[in-house]
Amino acid sequence: MDAFIERAFFSTLTNVNFDPESFLKLAVEAGEMNIRTMQLLKKAHIETFGEPVPTKVKTGTVKGHGILVTGHDLKALGELLKQAEGTDVFVYTHSEMLPAHGYPGLKKHKNLAGNLGKAWFDQRQLFAKYPMAILGTTNCFLIPRDEYKDRMFTTGPVRLPGVPNIEGYDYSAVIAKARSLPELKDEPGDFELTTGFSTSVILSLKDKIKQLVQEGKIKRFFLVGGCDAPVKKSDYYREFVQKLPKDTVILTLACGKYRFNDLDLGDIKGIPRLIDLGQCNDAIVALELAQALAGLFGVGVNDLPLTLVVSWMEQKAVAILWSLLALGIKGIYLGPIVPGWVNDDILKVLVEKYNVKLIGNPDEDIKAMMGS
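Residues numbered from 1 in each chain as written. Predicted model: local features only at pLDDT ≥ 70, side-chain atom pairs only at ≥ 80, totals over all residues. Heavy atoms only, no water.

A. Layout of the overall build of the protein. The secondary structure content of the protein amounts to 14 helices and 16 strands. Here the C-alpha atoms of the protein give a radius of gyration of 21 Å, agreeing with the 21 Å that 2.2 N^0.38 yields for 372 residues. Within the protein, contacts between residues at least 6 apart in sequence are counted, and of these 70% link residues at least 24 apart. Working note: accessible area of the protein is about 17,000 Å², and carbon and sulfur atoms make up 55% of it. Once the 44 positive and 44 negative side-chain charges of the protein are each reduced to a mean point, those two points are 4 Å apart. (Helix = DSSP H or I, 4+ residues; strand = E, 2+ residues; numbered from the N terminus. Rg over C-alpha atoms; globule rule 2.2 N^0.38 Å. Contact = heavy atoms within 4.5 Å. Areas by Shrake-Rupley, 256 points an atom, 1.4 Å probe, with all protein chains shown as cover. Lys, Arg positive; Asp, Glu negative; His and termini not counted. Charge placed at Lys NZ, Arg CZ, Asp CG, Glu CD.)

B. Here's a closer look at helix α2 (residues 20–49). In a regular helix each residue adds 1.5 Å, so 30 residues correspond to 44 Å; α2 covers 42 Å between its end C-alpha atoms and thus fits that length. Turning to α2, its buried residues number three or more, namely Leu-24, Leu-26, Ala-27, Val-28, Gly-31, Met-33, Asn-34, Ile-35, Met-38, Lys-42, His-45 and Phe-49. (Expected span 1.5 Å × (residues − 1). Buried < 20%, exposed > 50% of the residue type's maximum accessible area, 1.4 Å probe, protein only.)

C. How the structure looks around the packing of aromatic side chains. Going through the model one piece at a time under the given rule, you end up with 9 aromatic pairs. On the numbers, 5.8 Å between centres and 75° between planes, the contact of Phe-222 with Phe-240 is edge-to-face. Residue Phe-222 is found in strand β9 (residues 220–225), and its partner Phe-240 is found in helix α10 (residues 236–243); the two are separated by 18 residues along the sequence. A relative accessible area of 0% places Phe-222 in the buried class. Taking the relative accessible area as the measure of exposure, Phe-240 reaches 0% and is therefore buried. Taken together, a centroid distance of 5.1 Å and an interplanar angle of 70° make the contact between Tyr-236 and Tyr-237 edge-to-face. Here the two residues Tyr-236 and Tyr-237 agree in accessibility, since each one is buried. An aromatic cluster is defined as three or more aromatic residues linked by ring pairs; in this entry it consists of Phe-222, Tyr-236, Tyr-237 and Phe-240. Cation over ring: Lys-75 sits above Tyr-169, and NZ or CZ is 4.8 Å from the ring centre. (Phe/Tyr/Trp six-rings, centres within 6.5 Å; stacked < 30°, edge-to-face > 60°. Lys NZ or Arg CZ within 6 Å of the ring centre and 35° of its normal.)

D. Examining the sheet that holds strand β4 (residues 112–115) more closely. Spatial ordering of the open sheet is given by β4-β3-β2-β5-β6-β7, a layout of 6 strands whose pairing is parallel. A strand with exactly one partner marks an edge of an open sheet, and here the two such strands are β4 and β7 (165–166). Examined bridge by bridge, strand β3 (residues 89–93) and β4 share 3 bridges and lie parallel to one another. Across the sheet, residue Val-91 finds its bridge partner in β4, namely Leu-112. Of the strands in this sheet, β2 (65–70), β3, β4, β5 (133–136) and β6 (152–155) are in contact with helix α3 (residues 74–84), which crosses β3 at around 165°. Those strands touched by helix α7 (residues 172–180) are β2, β3, β5, β6 and β7, and its axis lies near 135° from that of β2. (Pairing = 2+ DSSP bridges. Axes fitted to C-alpha atoms, helices over the stretch in contact; angles between N-to-C directions.)

E. Molecular detail of the pattern of salt bridges. For the structure shown, the criterion picks out 17 salt bridges. Among the ionic pairs, Glu-183 bridges to Lys-63, the shortest N-O distance being 3.0 Å. Taken together, the residues Glu-183 in the loop between α7 and β8 (192–195) and Lys-63 in the loop between β1 (55–58) and β2 connect sequence positions 120 residues apart. By relative accessible area, which is 38% here, Glu-183 ends up partly exposed. Relative accessible area serves as the criterion here: at 57%, Lys-63 is assigned to the exposed category. The salt bridge involving Asp-88 is made with Arg-179; its shortest N-O contact spans 3.2 Å. Remark: Arg-179 occurs in helix α7 and Asp-88 occurs in the loop between α3 and β3; sequence separation between them is 91 residues. (Salt bridge = Lys/Arg side-chain N within 4 Å of Asp/Glu carboxyl O.)

F. Structural context of the nonpolar core. Core analysis: the largest hydrophobic core is formed by 57 residues, its most contacted members being Leu-277, Trp-322, Ile-332 and Tyr-354. Looking at this core, the element that brings in the most residues is helix α12 (residues 316–326), giving 7 residues. Counting 24 residues, the second-largest nonpolar core is a separate cluster that includes Phe-49, Ala-76, Val-89 and Leu-106. (Core = buried A, V, L, I, M, F, W, Y, C linked by side-chain atoms within 4.5 Å.)

G. Broad picture of the packing of helix α1 (residues 2–14) against α2. At a minimum axis distance of 11 Å, the contact between α1 and α2 shows a crossing angle of 155°. Between α1 and α2, the interaxial angle falls into the category roughly antiparallel. Handedness of the α1/α2 crossing: left-handed. Touching Phe-4, Arg-7, Ala-8, Ser-11 and Thr-12 of α1 are Phe-23, Leu-26, Glu-29, Ala-30 and Met-33, all from α2. The residue inventory of the contact of α1 with α2, partitioned by class, reads 6 nonpolar, 2 polar and 2 charged. (Parallel < 35°, antiparallel > 145°, perpendicular 65-115°, else oblique. Left-handed = near helix turned anticlockwise from the far one by under 90°. Nonpolar A, V, L, I, M, F, W, Y, C, P; charged D, E, K, R; others polar.)

Shown next as structure tokens:
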């Protein structure tokens, strides 16, 4: 992987004539490398914290001091929980940290109190609302407002102007800051979220899933995920999920799920209709499931009753899209906002070579997807 990154970066400096075909091959290879990376990360998470299990997550606060953790780094969260154990400091997750609640090695800590907020872009309002210490572990961490900047910390590679960075995993300063702030009130949230559906959990239900598909009780699976964007157009995904037929199952991951993961969609003979697979890097679970289901039904991945609907993308999500394309998955639906990195020439390649389709109207899109 390191060798590929060096070669890929170097190609952007030396390919002065811009050879589209060579860059397309590099993009596909980047997708392949991203699969290997996600596999390694999944292995590290499970070996450290155990296999995730379905878990209900509270969305309110409990009485006591608080720390809110955002980003993606489960190791940083685990170290913080160990150091805060036995104190009156409770730890809350934000955005992509929600799936942490499904890991046995993390959920065993009694001071892991719940999840606050939704996708990454609500943080300026959320951080101002709650008088707690804030720890940013990876990207998606915005330039802070002055009203809460003095209680923010970063760790690892994250840097923000005027915000102290903690090298290593000594979070005593974060805990001390939390204890210096007013206690939070005991205020239960209006709903609970469910996360923790690992590959093994879902595959343990494979015989039942196969039966329900063969009986026509599950007509189609939808993987609805990706990045969320702070624009009105992204309401598309809530409307889309609400309008899907009751005999469909929705798999979701990344922060795009916050558009609809508070909905109670019920179940199909015990199979939940809404299944949260985890963070954006947990797309590896979706890939494993697609390949396992293809084997279960004796068809190719593109012949499964599975539709991929992917939202606005940047950063890691771009690599995940190329991972899907590297596996030969075609007919992915993309939108309703076309990503900034997709110009007319790139869109032409995506459409002609990979049959990528743009979305925009939930009713028309669902009709096309269910009829395919």
